Amino acid sequence: LFLKRALSTEDLALAEADIKRGEEILLSQIRERGHLDTYPYEALVSHKLKWLLRRQGPRMNDEMEALVTIAREGHNRHPYDDRMRDVYQKVYRDYLMLAVPHPA
């Protein structure tokens, strides 16, 4: 919910605090139950990806790379889950697109 709220607020400081808190909660859930459940992986990757694409911050490449790593871990743990596969493919594709020059 913190990640969703961050996407809808215009206050950058509040949004970044929400992103940080939501990420902490979901990373904790990944440690606790990631081997059983794809939800924390899917939620973290999909919502944070939306945030990163919207914000386009100075550490975009590093943050996208970290997100790809989390998605890959989720996909490796749950290789037969279609939603996890789709989330992994989406974040990986968007990560690769960072290398493609875009017209200004």
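Structure report, in brief. (Residues numbered from 1 in each chain as written. Predicted model: local features only at pLDDT ≥ 70, side-chain atom pairs only at ≥ 80, totals over all residues. Heavy atoms only, no water.)

Our focus in this paragraph is the pattern of salt bridges. Tallied over the full model, the rule gives eleven salt bridges. Arginine 21 is paired through a salt bridge with glutamate 24; the nearest N and O atoms lie 3.6 Å apart. With arginine 21 and glutamate 24 both in helix 2 (residues 12-33) and three residues apart, this pair spans about one turn of that helix. Given the relative accessible area of 41%, arginine 21 is considered partly exposed. With a shortest N-O distance of 3.0 Å, arginine 85 and aspartate 82 are connected by a salt bridge. Here the residue arginine 85 and the residue aspartate 82 both occupy positions in helix 5 (residues 82-97), the gap between them amounting to three residues, near one helical turn. The partly exposed category is assigned to arginine 85, whose relative accessible area is 30%. (Salt bridge = Lys/Arg side-chain N within 4 Å of Asp/Glu carboxyl O. Helix = DSSP H or I, 4+ residues; strand = E, 2+ residues; numbered from the N terminus. Buried < 20%, exposed > 50% of the residue type's maximum accessible area, 1.4 Å probe, protein only.)

A few words on the packing of aromatic side chains. Overall, the coordinates contain one aromatic pair when judged by the stated rule. Aromatic pair tyrosine 88 and tyrosine 92: ring centres 5.9 Å apart, planes at 20°, arrangement stacked. Of this pair, tyrosine 88 and tyrosine 92 are both found in helix 5, four residues apart, which corresponds to roughly one turn of the helix. On the basis of relative accessibility, which here comes to 33%, the residue tyrosine 92 falls in the partly exposed class. (Phe/Tyr/Trp six-rings, centres within 6.5 Å; stacked < 30°, edge-to-face > 60°.)

Among the nonpolar cores identified, the biggest contains 23 residues, and Leu44, Val45, Leu52, Leu67, Ile70 and Val91 are the most heavily contacted of them. Only helix 1 (2-8), helix 2, helix 3 (39-55), helix 4 (60-77) and helix 5 provide two or more residues apiece to this core. The element that contributes the greatest number of residues to this core is helix 3, accounting for seven residues. With residues up to four places along the chain from it excluded, the contact list for isoleucine 70 reads Leu27, Ile30, Tyr41, Leu44 and Val45. (Core = buried A, V, L, I, M, F, W, Y, C linked by side-chain atoms within 4.5 Å. Contact = heavy atoms within 4.5 Å.)

In this structure, arginine 72 sits in helix 4. Sequence separation between arginine 72 and aspartate 11 is 61 residues; the distance between their C-alpha atoms is 31 Å. For arginine 72, the contacting residues outside a window of four places in its chain are Tyr88 and Tyr92.

The topology assignment puts aspartate 94 in helix 5. With near-sequence residues (within four places) excluded, aspartate 94 lies in contact with Leu49, Leu53 and Met64.

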